[in-house]
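# Structure at a glance
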Amino acid sequence: MSKEEHRIVKGQVMVPYELALGRTWCHFFDCLKEEKIMGKKCRKCSRVLVPPRSFCPRCFEDMEEWVEVSQEGVVETWVYVNMPFFAQELKIPFISAQIRLDGSDSGFIHQIAGIDLSDFDKVRERVKLGDRVRAVWSTEKKGNILDIAYFEPVK
Amino acid sequence: MGKAVAIIGTGQTKHGRRSDVCYPDLVRESVTTALQDAGITLKDIDGVVLGTMPSMMEGVSSTHFYFAEAMGALNKPVMKVETCGSTGQSIGHCGYYWVASGMADIVLVVGSEKMSEGDGQATMTTVFDPFFQRTFAAGAPGVFTMQSMEWMYRFNIPEDKGREAAAMISVSNHDNAMDNPHAHIRVRVTMDEVKNARIITYPVRLLDVCPASDGACAVIFASEEKAKKICKKPAWIKGLGFRGEEFFYGESDKAIWMSATEAAKEAYKQAGIRNPLKELDVAEIYNPFTYQEMIFYECLGLCPRGEAPDYVLKGTFKKGGQLPCCPSGGTLCSNPIGATGLIRLAEAALQVTGKAGARQVGGAKLALSHAMGGVDQFNGVTIVGSKL
């Protein structure tokens, strides 16, 4: 079949949104501005979750108690991302990681940086599962997740 | 379980880059084939279930509107269900529920996707929450790679061993796809080619990853009475399970993966299966990534935790092995996502009715189908058998 029979028409849909954060997440991001990472503790199962939840997903109870967790934790898993796609927020290459912050009971998703990311073989030697990392703060705070600029390996 | 339900017909498109047809025509292709396979007409259909990925995939919202005519749904009840990758299993379950409840005799279930028309990874990234995790998301490869790394670390699986087993999975799926006329990717690959392919998200390489496909699948569910009247060899639904877990990635343990484990347990309980490795004849497991297929072997109870690479290396799941997995070439060789989980079910039905052509596993009587969806959040399993 000729190309003309497989005619492709370009299209795009763009829609702006205004998203309500809610009280719990609003407080979390306010605390990030003060360089504190806050979790919520369930009075029933005693788990501390970061991101904080307004209710415990397992107990279905309101989570009322705020607990400050450590800015250091253990790398539970990570991925080296060198794959571009539309509207990607971070510049590639970057490392996404699941970090268990000390004093919390869930993995926290953020990025590991502060090291040379250009050569993957070097990154592989530098970043290992089970390693300890610590939060590095952005100087200018915007009240979003990138107020923590990244996590860096603890020397 | 409700009333007995059977699959009496299936239809699949040729999957791949289908820029030769517009999206509704692609859907109709699968519907027409399924009706012919069942030997019935639209008049016999009481209701229609449809599922796809989120609307952002092709940029058209609520596609059950767009496809109403293509699905033959005029003057019939229509429902849409979507659970990302597990959509195909979810809609299959809905078809089952509808007939098992006694409220319908024959239900048409359709899954479809036309991934060449959009940006799959950008779409999947919108499944993440907008405040905490989306910034760091890298579509499906990012999540599945994190999960695979965690799994290998948890069970002390050496990197080389994981790599070797994953490469074998890629080679055998590609070999199997050669027998499947519907498959998107039909090329043989070697162990060396897989192990040296371009890195996507380390340790996952290009040949460890499924393609983005266009394709549709239709499956027709019928009550016992209708099935016995219409169909010579129905595939009977023996058991099904569907489970979900927490939305935020990192809140549940993905190396053990409760939703996959419990969905399978529920399906086995309903089907009366105690030793799935022994009792099942064939399995169609959702395997968009080679490494993840090994996690599924463990969650579905086909081998002990941490031992999937050993089972793969000794050929347990290969063609001719103890339990052949994905004789169709699986998700690894065709992934029109909204259709994929239903394709697994259709393939399982073809196997237990002896209609799988060159990919037939000889004498298959009991087959498992499975799919996973979201940010590793949902898992669905359906078991079909040749006997009621």
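The text that follows walks through the structure, step by step, so that each part is easy to find. The model shown is predicted, which means the values in this text are computed figures rather than measured ones.

With that settled, the discussion passes to the sheet that holds strand S1 (residues 5-12) of chain B. All names here are of chain B. Spatial ordering of the open sheet is given by S3-S2-S4-S7-S1-S8-S11-S10-S9, a layout of 9 strands whose pairing is mixed. Looking at the sheet topology across the chains shown, the edges are occupied by strand S3 (78-80) and strand S9 (282-284). Each adjacent strand pair in this sheet contributes to an overall mean axis angle of 25°, direction not counted. Here strand S2 (residues 47-51) runs beside S3; their pairing, made up of 3 bridges, is parallel.

Quick look at the interface of chain B and chain A now. Each partner contributes to the interface: chain B provides 35 residues, whereas chain A provides 44 residues. Buried area between chain B and chain A, summed over both chains or domains, comes out near 3400 Å², and the portion from carbon and sulfur atoms is 69%. Considering only the side of chain B, the residues that lose the most area to chain A are Phe131, Phe132 and Phe136 of chain B, jointly responsible for 24% of the buried surface there. The interface formed by chain B and chain A holds 3 salt bridges in total. Across the pair glutamate 246 of chain B and arginine 58 of chain A runs a salt bridge, and its minimum N-O distance is 2.6 Å. For the interface between chain B and chain A, the tally reads 12 residue pairs in polar contact (both at pLDDT 80 or more). Looking at the side of chain B that touches chain A, the elements that each hand over two or more residues are helix H4 (120-125), helix H5 (139-154) and strand S5 (199-201) of chain B. With 8 residues, H5 of chain B is the single largest residue contributor to the side of chain B that touches chain A.

Residues and elements named next belong to chain B. With 7 of 8 residues buried, strand S11 (residues 378-385) is to be regarded as a mostly interior element. The sheet contact formed by strand S8 (residues 235-244) and S11 spans 8 bridges and is antiparallel. The partner of glycine 244 across the bridge, within S11, is phenylalanine 378. Relative to S11, strand S10 (residues 366-373) runs antiparallel, the two sharing 8 bridges. Paired with histidine 370 across the bridge in S11 is valine 381. Counted along the chain from S10 to the antiparallel partner S11, the turn is 4 residues long, and its residue glycine 374 has a positive phi close to 80°.

A few words on the packing of aromatic side chains. Taken as a whole and judged by the stated rule, the model has 20 aromatic pairs over all chains. For the pair tryptophan 25 of chain A and phenylalanine 132 of chain B, a centre-to-centre distance of 5.3 Å together with 75° between the ring planes defines the contact as edge-to-face. With one member in each of two chains, tryptophan 25 of chain A in helix H1 (residues 22-33) and phenylalanine 132 of chain B in the loop between H4 and H5 form a pair that bridges those chains. Of the residues examined, phenylalanine 132 of chain B reaches a relative accessible area of 1% and is grouped as buried. Plain terms: the ring middles of phenylalanine 242 of chain B and phenylalanine 378 of chain B are 5.7 Å apart, the flat faces sit at 40° to each other, and that makes the pair tilted. Taken as a pair, phenylalanine 242 of chain B in strand S8 and phenylalanine 378 of chain B in strand S11 lie far apart in primary sequence, 136 residues in all. An aromatic cluster of three or more residues is present, and its members are Trp25, Phe28 and Phe29 of chain A together with Phe131, Phe132, Phe247 and Phe248 of chain B. One cation-aromatic arrangement involves lysine 314 of chain B over tyrosine 311 of chain B; the distance from NZ or CZ to the ring centre is 4.2 Å.

Together, Val13, Val15, Tyr17 and Leu19 of chain A make up an exposed nonpolar region whose accessible area comes to about 460 Å². Tracing the chain through its elements places tyrosine 17 of chain A in the segment before H1.

Each value, and the rule that gives it
- Residues numbered from 1 in each chain as written.
- Chains lettered and ligands numbered in written order.
- Predicted model: local features only at pLDDT ≥ 70, side-chain atom pairs only at ≥ 80, totals over all residues.
- Heavy atoms only, no water.
- Pairing = 2+ DSSP bridges.
- Helix = DSSP H or I, 4+ residues; strand = E, 2+ residues; numbered from the N terminus.
- Axes fitted to C-alpha atoms, helices over the stretch in contact; angles between N-to-C directions.
- Contact = heavy atoms within 4.5 Å.
- Buried area = accessible area lost by both parts, 1.4 Å probe.
- Salt bridge = Lys/Arg side-chain N within 4 Å of Asp/Glu carboxyl O.
- Polar contact = N/O pair within 3.5 Å; in protein donor to acceptor, adjacent residues only side chain to side chain.
- Buried < 20%, exposed > 50% of the residue type's maximum accessible area, 1.4 Å probe, protein only.
- Phe/Tyr/Trp six-rings, centres within 6.5 Å; stacked < 30°, edge-to-face > 60°.
- Lys NZ or Arg CZ within 6 Å of the ring centre and 35° of its normal.
- Patch = residues over 30% accessible without salt bridge, like charges linked within 9 Å, V, L, I, M, F, W, Y side chains within 5 Å.
- Areas by Shrake-Rupley, 256 points an atom, 1.4 Å probe, with all protein chains shown as cover.

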